[in-house]
Amino acid sequence: MSTHTAPALASAMASPRGVSRALRLLGGGLLTYGLPIATFLFLWELWSDAYGVPQLFPSPRATARTFWQIVADGTLLHDAATSMLRIVVGFLIGSAIGALLGLLIGTFRIVREMLDPYVNFLRFVSGVAWISIFIVWFGIGEISKVVLIVYTTCFGVLLNTVAGVAAVSRNKLRLAQCFGASATQIFFWVTLPSTTRYILTGMRLSMANAFLVIVAAEMVQADSGLGFAIMAARQFLAPDLIFCGMITLGVLGLLSDRMLMLASRLLFGRYYRHN
Amino acid sequence: MIRFEGVGFRFGGGSDRPWVLSDFDLRIAHGEFHLVLGPSGCGKTTALNLLAGFEQPTTGAILVDERRITGAGVDRIVIFQGDDSLYPWLTAIENVEFGLRVQGVPAAGRRAKAREYLAMVGLSGHESKFPGELSGGMKQRIQIARALVCQSPVLLMDEPFAAVDAQTRSMLQEELSLIWQRTACTIFFITHDISEAILLADRISVMQAGPASRIKETIAVDMPRPRSPASADFAHYYQRVHAILAGEVQRAARTERESQKSKSA
Amino acid sequence: MAATVLPSTRIPGRGFVVGALALVAGAIAWEILARRYFTPVRLPPLSQIWDRAVETAMDGRLLQHIGASMFRILAGFIVGSVVGIVLGLAMGAFASVRRFLDPIVNFLRFIPPIAWLSPFLIWFGIGETTKVLLIVYTVTFMVMLNTLAGIVAIPRNRIRVAQCLGASRLQVFFLVMTPASVAYILTGMRIAMTNAFVTIVTAEMIAAQAGLGYLILVSKNFGGTDLIFLGMITLGILGFLTDRAFVYAIRRYAHRYHLQ
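A quick note: this is a predicted structure, and the numbers were derived from the prediction, not measured. (Residues numbered from 1 in each chain as written. Chains lettered and ligands numbered in written order. Predicted model: local features only at pLDDT ≥ 70, side-chain atom pairs only at ≥ 80, totals over all residues.)

Asks: Can you break down the overall build of chain A residue by residue, with the values?
Replies: Within chain A, the regular secondary structure consists of eleven helices and zero strands. From first element to last, N terminus to C terminus, chain A shows the α and β order α-α-α-α-α-α-α-α-α-α-α. Taking all 275 residues of chain A together, the buried fraction comes to 45%. Across chain A, the fraction of contacts at a sequence separation of at least 24, relative to all contacts at a separation of at least 6, is 73%. (Helix = DSSP H or I, 4+ residues; strand = E, 2+ residues; numbered from the N terminus. Buried ≥ 20, exposed ≤ 12 C-beta atoms within 10 Å, placed from the backbone. Contact = placed C-beta atoms within 7 Å.)

Quick look at the structure:
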């Protein structure tokens, strides 16, 4: 249900009878999500009571109280916004570069063969491992973090894009050749539309990854952001703040993912179609 | 109008590769509906790919109107088996007008023409549907319309109706026959189905079993259209073609068994 | 969303030669550029990194770091795979389990493993447990999602055949579902292994005294850029070798499950 709700919702809203359908889907979604989350909260409450040390393992209610506090005094908003800004900027730049490079690499087999060993190797050194180098190169400010997001996003989108180009079925290309299409026409009118789905998938995966990476980067070197906040909370032995940070991360991540999916379907819906 | 002259073909990369086609000769006249029939693995799709220009012959030449072909062209459009040459992100009408778009025909003009040809293949009302929403038979019709709209003098069809159910196949064969009579194009059609061959063809070429195959025999089908599979003439031709083909089918099966044996050895 | 792109496991051919040449060319370019345009702190030449590698290998430090990281990775990988497979199979075979866990899984997916570092540190201390647990978390997720995808992908007719032949629910589970999802499980494990390497750096961020991630993070504080690169390169090589070993093991022992 989870991965299908958003596109179903979007298409439901598109049709005239859609509003009631959309509402029903929403209701169904709430039930599907609501019940297990309620159970999860209930179990959490039990566990924290059983643990007995509220300073180490706060109950949901205590966490909620702290959550409300940091929302009210604006610190949560500030940290969340800082992290999100880094993610969004890095994500957009990285996706563009990754898609372009991926299309290039995918189209020319020799380029792919040349870059293959590097990709195979860099797969294991992704993300956080680069933070040290980027700090050495770009200092301790915003740039090093944004560059990190650019790098990890570019990597993920690139891999998926290359796979997408490779997956264009031969007959699609051959048909275009029959009509006398030039290489440019084939690229823009066949390869690119075929690969769009893969690029968007790569972007979606990279978005999720970006959250992972930014938090680590902020834990290593930052003075603001959710990662920094979580780290600071640990140093002050405030697990309720840690939980708040984690929950915010989860919610933001989920929201970004859903929004990205919705935007993909609305803008590029036709490129997801199969025959 | 189409001539295969001493064509030989094997896949590149070394002289240890087997020949797919060897000494392949064939002549097809203007406006002829020509069928190539053969057992599986005999290389009939390769022959089509060579004529389409997707591959180059290793030896010999293929001439269309006395000119050697050098690559794919809009004068020889292919209709593929299955639907993977249709563009799923384009609607039916957008798929049909694709060729015109490549050639730079302006939007209004090509839209009108595409609509006309969609009507010709009986798909009026389905213009805005995507291939994913259409049946197999409809998708093949889109391919036909797509080829016709560019007024291609030669149509290459690679077992186009093999993936469709029997009733739809029957309908499509009938419609293709009518379209061919109306547009007077030349058709190069591949199949493994004898009935289909006799139903549609002016001339049938039966291929040998592979490897290194060539045309074994060509016969003319001298029946008036529309043809009825129930007629005595039909049965007579069927027996003739079957006799020519049967030996080749057996040889193909034997080759397959032998290659399996050597693989597991 | 479980399936990620994996590089192909091609047999050496022209691609291999081109790739190898590209690596050599890259190495030479690095050396020349580093010497000519950069300070050793910004971009140390490869030769310097190599010297440092020999140095730390000789005095045993390199092995210490490798050992520490590999232990955490492997321990986390094994535990995480087992848990992930069990959970994935359970979710796949029993709709009730799936319905219950699905939203929780989809929510937790976005909380990065490092975010769990802080609570883990508070609950489990600064020892090995925390670091290994982080790897376990990452691996479990990936393996579970892929296992589930494997079960979901089983053509319904395979199960129907077994039912026709009179198999009980348990027999269907063990004799049909489990073997059919092996390919996906192994793919998931392979990806999880990659993630483990990626996560180890995060896991060693805090209160570690040894490990490649530790090396990478700590060396920036005293200008040891060459050590940073050494750590990254070693990590990459180890990851690559481990992956190859995994692929080889799959081909040797599980090829009957139709893997590529």
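Asks: Residues and numbers for the overall build of chain B, please.
Replies: Regarding its fold elements, chain B presents eight helices and ten strands. For a compact globule of 265 residues, the expected C-alpha radius of gyration is about 18 Å, and chain B comes in at 19 Å, within 12% of that figure. Overall, the C-alpha framework of chain B stretches about 60 × 50 × 40 Å when taken along its three principal axes. Considering only contacts in chain B between residues 6 or more positions apart, those separated by 24 or more positions represent 70%. (Rg over C-alpha atoms; globule rule 2.2 N^0.38 Å.)

Asks: For the pairing of strand S9 (residues 203-207) of chain B, give the residues involved together with the corresponding values.
Replies: Look at any regular strand and the pattern is simple: side chains alternate between the two faces of the sheet. Residues and elements named next belong to chain B. Burial analysis of S9 places four of its five residues in the buried class, the great majority of the element. Bridge count for strand S3 (residues 33-37) against S9 is four bridges, and the pairing is parallel. From the neighbouring strand, Val 36 faces S9, where its bridge partner is Ser 205. Where S9 lies against strand S10 (residues 215-220), five bridges are found, and the strand directions are antiparallel. Within S10, the residue paired with Ile 204 across the bridge is Ile 219. (Pairing = 2+ DSSP bridges.)

Asks: Can you tell me about the domain arrangement of chain A, naming the residues and giving the values?
Replies: Residues and elements named next belong to chain A. Splitting chain A by domain gives domain 1 (1-52) and domain 2 (59-272). On the side of domain 2, seven residues touch domain 1, which itself brings eight residues to the contact. With five residues, the single largest contributor to the side of domain 1 that touches domain 2 is helix H2 (residues 18-51). Considering only residue class, the side of domain 1 that touches domain 2 consists of five nonpolar, one polar and two charged. (Domains from an automatic or database assignment. Nonpolar A, V, L, I, M, F, W, Y, C, P; charged D, E, K, R; others polar.)

Asks: An account of the interface of chain B and chain A is needed here, citing residue identities and associated values.
Replies: Facing 22 residues of chain B, the contacting portion of chain A comprises 17 residues. When contributions to the side of chain B that touches chain A are tallied by element, the ones reaching two or more residues are strand S6 (76-79) and helix H3 (98-102) of chain B. Looking at the side of chain B that touches chain A, its residues break down into 16 nonpolar, four polar and two charged.

Asks: I'd love a proper account of the nonpolar core, names of residues and values included.
Replies: Counting 200 residues, the largest nonpolar core has Val 215 and Ala 216 of chain A, Leu 37 and Leu 156 of chain B together with Ile 135 of chain C as the members making the most contacts within it. Per element, the largest residue contribution to this core is 17 residues, and it comes from helix H9 (residues 183-220) of chain A. Discounting chain neighbours no more than four positions away, the residues touching Ala 216 of chain A are Val 128, Ile 131 and Gly 227 of chain A together with Ile 114 and Thr 202 of chain C. (Core = buried A, V, L, I, M, F, W, Y, C linked by C-beta atoms within 7 Å.)

Asks: Explain the sheet that holds strand S2 (residues 21-28) of chain B to me, using residue names and the numbers behind them.
Replies: Residue and element names in this part refer to chain B. Sheet architecture is open: four strands sit in the order S2-S1-S4-S5, paired in antiparallel fashion. Either end of the sheet is taken by a strand with one partner, and the two such strands are S2 and strand S5 (67-68). Of the strands in this sheet, strand S1 (2-9), S2 and strand S4 (59-64) touch helix H1 (residues 44-52), which is tilted by about 120 degrees from S1. (Axes fitted to C-alpha atoms, helices over the stretch in contact; angles between N-to-C directions.)

Asks: Any details on the sheet that holds strand S7 (residues 154-158) of chain B? Residues and values, ideally.
Replies: Residues and elements named next belong to chain B. The six strands are arranged S6-S7-S8-S3-S9-S10 in an open sheet whose pairing can be described as mixed. What marks the edges here is a single partner per strand, and that holds for S6 and S10. Between one strand axis and the next, the sheet turns through 20 degrees on average, direction left out of account. As defined by bridge partners, S3 adjoins strand S8 (residues 186-191) across five bridges and the pair is classed as parallel. Bridge pairing links Leu 35 to Phe 189 in S8.

Asks: Hey, could you go over helix H3 (residues 60-72) of chain A for me, with residue numbers and the actual values?
Replies: Residues and elements named next belong to chain A. End to end, H3 covers 18 Å across 13 residues, agreeing with the expected 18 Å (1.5 Å per residue, within 8%). Three or more residues of H3 are buried, namely Thr 63, Thr 66 and Ile 70. All buried residues of H3 project into a common sector of 65 degrees when viewed along the axis, lining one side. In H3, the exposed positions that point more than 90 degrees away from the buried face belong to Arg 61, Trp 68 and Ala 72. On its buried face, H3 sits against helix H4 (75-107) and helix H11 (239-268). (Expected span 1.5 Å × (residues − 1). Arc of directions from axis to C-beta.)

Asks: Before we move on, could you go through the interface of chain A and chain C and cite the residues and values that matter?
Replies: Across the boundary between the two partners, chain A contributes 52 residues, which contact 44 residues of chain C. Of all the secondary-structure elements, those providing two or more residues to the side of chain A that touches chain C are helix H1 (2-14), H2, helix H5 (109-122), helix H6 (131-138), helix H7 (142-166), H9, helix H10 (226-235) and H11 of chain A. For the side of chain A that touches chain C, the residue count by class is 37 nonpolar, ten polar and five charged.

Asks: Got a sec to walk through unusual backbone geometry? Specific residues and values, please.
Replies: Residue Pro 226 of chain B follows Arg 225 of chain B across a cis peptide bond; omega there is 0 degrees. Relative to the helices and strands, Pro 226 of chain B is located in the loop between S10 and helix H8 (232-264). For Leu 237 of chain A, which is not glycine, the phi torsion reads 50 degrees and is therefore positive. Looking at Leu 237 of chain A, the number of C-beta atoms within 10 Å reads 11, which means it is exposed. The residue Gln 151 of chain B is not glycine, and still its phi comes out positive at about 55 degrees. Mapped onto the elements of the fold, Gln 151 of chain B is located in the loop between helix H5 (136-148) and S7. By C-beta crowding, Gln 151 of chain B is classed as partly exposed, having 14 other C-beta atoms within 10 Å.

Asks: Any chance you could break down the arrangement of the chains for me, citing the residues and the numbers?
Replies: Summarising the chain contacts, two pairs of chains touch, and the pair with the most contacts is chains A and C. Separated in space, chain B and chain C share no contact, their closest pair of C-alpha atoms being 12 Å apart.

Asks: Residue-level account of the environment of Val 149 of chain B, with values.
Replies: Residue and element names in this part refer to chain B. Assignment of secondary structure puts Val 149 in the loop between H5 and S7. Along the primary structure Val 149 and Tyr 117 are separated by 32 residues, whereas in three dimensions their C-alpha atoms are 6.2 Å apart. If near-sequence neighbours (up to four positions away) are discounted, Val 149 is found in contact with Val 96, Glu 97, Gly 99, Leu 100, Lys 113, Ala 114 and Tyr 117.

Asks: Please provide a residue-by-residue account of the packing of H9 of chain A against helix H5 (residues 113-124) of chain C, values included.
Replies: For the pair H9 of chain A and H5 of chain C, interaxial distance at closest approach is 7 Å and the crossing angle is 45 degrees. Between H9 of chain A and H5 of chain C, the interaxial angle falls into the category oblique. Across the interface between the two elements, Leu 212, Val 215, Ala 216 and Met 219 of chain A of H9 of chain A pack against Pro 113, Ile 114 and Ala 115 of chain C of H5 of chain C. Classifying every residue of the contact of H9 of chain A with H5 of chain C gives seven nonpolar, no polar and no charged. (Parallel < 35°, antiparallel > 145°, perpendicular 65-115°, else oblique.)

Asks: Kindly report on the confidence of the model for chain B, identifying the contributing residues and their values.
Replies: When the pLDDT values of chain B are averaged, the result is 92; 98% of them are 70 or greater. Complex prediction metrics read pTM 0.84 and ipTM 0.90. (pLDDT = per-residue confidence, 0-100.)

Asks: Go over the environment of Thr 39 of chain A with me, naming the residues and quoting the values.
Replies: Topologically, Thr 39 of chain A is positioned in helix H2. For the pair Thr 39 of chain A and Pro 193 of chain A, spaced 154 residues apart in sequence, the C-alpha separation works out to 44 Å.

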